[in-house]
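# Structural overview
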Amino acid sequence: MENWIISMMEQYGLWGIFFLIALENIFPPIPSEVILTFGGVMTSQTDLTVTGVILVSTAGSVIGAIILYGVGLILDVQTMEKIVARYGKLLRVKNEDIHRADAWFDKYGVWTVFLCRMVPLIRSLISIPAGMSNMNFLLFVLFTTAGTLIWNTVLVNLGAAFSDSWHTIVDYMDVYSNIVYAILAIIFIAAVTWFIRKFRSRST
């Protein structure tokens, strides 16, 4: 995948960066770390500028985030209530659980979106619950842009500053990503354990 990403960027320049970053936001397995750091490397080898790469990559990120926000709007609370009405007993989920989660996101969602834009994998997926909770669109775009701009600025500048060893930067970012994935796995296991205990307690 890395070779394909580099080829796209070398062939299409800023348009390639825009397309890849937008796609990365919709399809998280595409590594933004490679796109952004190599974009920084290209500023020392081509006529691309650091500012140009940051602005274009941020625009691509926001476009991708808006698409997932739209997906979240389709899966709104009312839609989830219909799913719960049909499968709630099987899933052991009540409408109150949905409303509680929705209320939490209404209260903390703006800052959650901002911070999660700097966390691998979650940085893309966070747009879906933002849409589901009907977060104010302008606030969503504002805080998505702010968090994304910080993430992109750091990685593009690292790529530009250490162009001769940009793979080392990617390796460090892989370590960061793996730590995040491990934490997410622990949270998932804890959630599954809680769900099983809750199911057993209701069954007895």
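Residues numbered from 1 in each chain as written. Predicted model: local features only at pLDDT ≥ 70, side-chain atom pairs only at ≥ 80, totals over all residues. Heavy atoms only, no water.

## Some remarks on the overall build of the chain
Summing up its helical and strand segments, the chain has nine helices and zero strands in all. The order of helices and strands in the chain, counted from the N terminus, is α-α-α-α-α-α-α-α-α. Looking at the 204 residues of the chain, the share that counts as buried comes to 41%. In the chain, the proportion of contacts linking residues at least 24 apart, taken out of those at least 6 apart, comes to 76%. (Helix = DSSP H or I, 4+ residues; strand = E, 2+ residues; numbered from the N terminus. Buried < 20%, exposed > 50% of the residue type's maximum accessible area, 1.4 Å probe, protein only. Contact = heavy atoms within 4.5 Å.)

## Some words on a nonpolar patch on the surface
Together, Ile 26, Phe 27, Ile 63 and Ile 67 make up a nonpolar patch on the protein surface, roughly 340 Å² of accessible area in all. Topologically, Phe 27 is positioned in the loop between α1 (2–26) and α2 (32–42). Taking relative accessible area as the criterion, Phe 27 reaches 45% and is therefore assigned partly exposed. (Patch = residues over 30% accessible without salt bridge, like charges linked within 9 Å, V, L, I, M, F, W, Y side chains within 5 Å. Areas by Shrake-Rupley, 256 points an atom, 1.4 Å probe, with all protein chains shown as cover. Salt bridge = Lys/Arg side-chain N within 4 Å of Asp/Glu carboxyl O.)

## Regarding the packing of aromatic side chains
Counted by the stated rule, this structure contains six aromatic pairs. Consider the rings of Trp 111 and Phe 114, whose centres lie 5.9 Å apart with planes at 90°: the pair is edge-to-face. Of the two residues, Trp 111 and Phe 114 are both situated in helix α5 (residues 95–116); the distance of three residues between them amounts to about one turn of the helix. Accessibility expressed as a relative area gives 16% for Phe 114, which makes it buried. (Phe/Tyr/Trp six-rings, centres within 6.5 Å; stacked < 30°, edge-to-face > 60°.)

## Re helix α8 (residues 137–161)
Helix length check: α8, at 25 residues, gives a terminal C-alpha distance of 35 Å against a target of 36 Å (1.5 Å per residue), a fit within 8%. Residues of α8 that are buried: Phe 140, Phe 143, Thr 144, Gly 147, Thr 148, Trp 151, Asn 152, Leu 155, Val 156 and Gly 159. The backbone nitrogen of Leu 138 lies 3.0 Å from a side-chain oxygen of the residue at the head of α8, namely Asn 136. (Expected span 1.5 Å × (residues − 1). Polar contact = N/O pair within 3.5 Å; in protein donor to acceptor, adjacent residues only side chain to side chain.)

## Some remarks on the nonpolar core
Residues Ile 5, Met 9, Ile 17, Ile 35 and Phe 38 are the most contacted members of the largest nonpolar core, which totals 25 residues. Residue assignment for this core shows that the elements contributing at least two residues are α1, α2, α3 (50–74) and α8. Looking at this core element by element, the count peaks at seven residues for α1. Apart from the residues lying within four places of it in its own chain, the contact partners of Met 9 are Ile 17, Leu 20, Ile 35, Phe 38, Gly 39 and Met 42. (Core = buried A, V, L, I, M, F, W, Y, C linked by side-chain atoms within 4.5 Å.)

## With respect to the environment of Ala 161
Tracing the sequence through the fold places Ala 161 in helix α8. Of the residues examined, Ala 161 reaches a relative accessible area of 56% and is grouped as exposed. Considered as a pair, Ala 161 and Thr 43 are 118 residues apart in the sequence and their alpha carbons are 9.8 Å apart.

## A closer look at the side chain of Ser 127
Inspection of the secondary structure assignment puts Ser 127 in helix α7 (residues 127–132). Residue classification places Ser 127 among the buried positions, given a relative accessible area of 0%.

## Concerning unusual backbone geometry
Its identity as a non-glycine residue notwithstanding, Asn 134 has a phi of 55°, on the positive side. The residue Asn 134 is located in the loop between α7 and α8 in this model.

## Section: the environment of Leu 55
Assignment of secondary structure puts Leu 55 in helix α3. On a C-alpha basis, the gap between Leu 55 and Asn 152 in space is 8.7 Å, while along the polypeptide they are 97 residues apart.

## Some words on the pattern of salt bridges
A full pass over the atoms with the stated rule returns one salt bridge. Put simply, Glu 24 and Arg 123 hold a salt bridge, and the shortest N to O gap is 3.0 Å. With Glu 24 in helix α1 and Arg 123 in helix α6 (residues 122–125), this pair connects stretches of sequence that are 99 residues apart.

By themselves, these figures tell us nothing about what the structure is for.
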